[in-house]
Amino acid sequence: MTFPTSVNAALRLQLALDDPNCHIEDAIKLVLAEPQLAARTVALANSAAFNRNGDAPITNARAAVMRVGYRSLQTLVASLVVRQFGTRIVDPAIRAKAERLWEHTAHVAALSQVIAKRVTFVNPDTAVFAAIMHEVGGFYLLSRADEFPGLLDEDPEKWSELCEDVVSREVLAKLSVPEPVRGAIEALRDAWLSMPPCTLLDTLILANQFSPVPSPLAAPVLDMPAHEDSVLDFVLDGDTLESILKESADEVKSMSTALLV
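Model, not experiment: these values are computed from the prediction.

Reading guide: rules and limits
- Residues numbered from 1 in each chain as written.
- Predicted model: local features only at pLDDT ≥ 70, side-chain atom pairs only at ≥ 80, totals over all residues.
- Heavy atoms only, no water.
- Salt bridge = Lys/Arg side-chain N within 4 Å of Asp/Glu carboxyl O.
- Helix = DSSP H or I, 4+ residues; strand = E, 2+ residues; numbered from the N terminus.
- Buried < 20%, exposed > 50% of the residue type's maximum accessible area, 1.4 Å probe, protein only.
- Contact = heavy atoms within 4.5 Å.
- Axes fitted to C-alpha atoms, helices over the stretch in contact; angles between N-to-C directions.
- Parallel < 35°, antiparallel > 145°, perpendicular 65-115°, else oblique.
- Nonpolar A, V, L, I, M, F, W, Y, C, P; charged D, E, K, R; others polar.
- Left-handed = near helix turned anticlockwise from the far one by under 90°.

Colleague: Help me understand the pattern of salt bridges in this model?
Modeller: Note on pairing: side chains with opposite charge can pair once their charged atoms come close. Within this structure, the stated rule accounts for seven salt bridges. The partner of Glu179 in a salt bridge is Arg182, and the shortest N-O contact between them spans 3.0 Å. In this pair, Glu179 and Arg182 are both assigned in helix H9 (residues 179–186), three residues apart and thus about one turn of the helix distant. Note on Glu179: relative accessible area 48%, which makes it partly exposed. Overlapping salt bridges bring together Glu179, Arg182 and Glu186 as one network.

See the structure below:
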């Protein structure tokens, strides 16, 4: 398993931020050492998500870090790690698939944040982080597909699904993703929703189910009954679902400057 140099650099930054003794000044120095992260941090600080009062735009990384805080900075670093896997993809078709997978990831992240706040009541920051990481195995496979023709081809024994699950476990471990988050991601493929939904895994299941952009690596989805005929309607009625989808769409727009570039 090999990572691009840029991933290793972002990973070192992530490990430093995970240190509870990391001082704010140290975090600022780490951000300044990564130009791409510095630019995204400033963009996020000036987005609607963090500048709802229309304050004067922030123009430097120091002020941006102070505005967005550690948890949002960690999410940005996670997104940078995941995105860097696509930097070495040469094949245009594979690159397009990686872009589609990232668009899916951004929608799942926004939905996870809203669902965590309004349905499952898990930590919204943790939910966003888990969503950013939930397809990291797929991104890694896409990053190596140029070197291994046929790696992502369909096959009747679903080898690619097995490979993605195994690779995901290895990548998540190498990235030192915390066990509660890693466990939810690893259980996602064949998981059943709790009733009522109340866990990080439930949050990811719902976010994936309602994402307007499906994963290009996912197996074909079976037709689902109308929402009003589903057991989910007992805990998530149609009006609430519509409100959540609208709010998550707004979140995608507010996060797009940092997550979708």
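Moving on, there is more to tell.
Colleague: Just to check I follow, could you spell out the side chain of Thr75 for this structure?
Modeller: By secondary structure assignment, the location of Thr75 is in helix H4 (residues 61–84). Residues within four places of Thr75 in sequence aside, it is in contact with Asp125, Val128, Phe129 and Ile132.

Colleague: When you look at the packing of helix H2 (residues 24–32) against H4 in this model, what are you seeing that I'm missing?
Modeller: For any two helices packed against each other, the geometry comes down to the angle between their axes and how far apart the axes lie. Where H2 meets H4, the closest approach of the two axes is 10 Å, and the angle between their N-to-C directions is 105°. Between H2 and H4, the crossing angle belongs to the class labelled roughly perpendicular. Contacts from Ile24, Glu25, Ala27, Ile28, Val31 and Leu32 in H2 reach Ala61, Arg62, Val65, Met66, Tyr70 and Leu73 in H4. Looking at the contact of H2 with H4 residue by residue, the class counts come to 10 nonpolar, no polar and two charged.

Colleague: Please explain the packing of H9 against helix H10 (residues 200–210) as it appears in this structure.
Modeller: Running from amino to carboxyl end, H9 crosses H10 at an angle of 45°, the nearest separation of the two axes being 9 Å. Taken together, the axis directions place H9 and H10 in an arrangement best described as oblique. Here H9 runs over H10; the crossing is right-handed. Here Pro180, Val181, Ala184 and Ile185 of H9 come into contact with H10, specifically with Leu200, Leu201 and Leu204.

Colleague: Looking at this structure, I do not really get unusual backbone geometry. What am I missing?
Modeller: Both trends apply: most residues other than glycine have a negative phi, and most peptide bonds are in trans. Pro196 follows Met195 through a cis peptide bond whose omega is 0°. Checked against the element boundaries, Pro196 lands in the loop between H9 and H10. The phi dihedral of Phe121 falls on the positive side, at around 60°, and the residue is not glycine. Along the polypeptide, Phe121 turns up in the loop between helix H5 (92–120) and helix H6 (124–133). Here Phe121 falls in the exposed class, since its relative accessible area comes to 63%.

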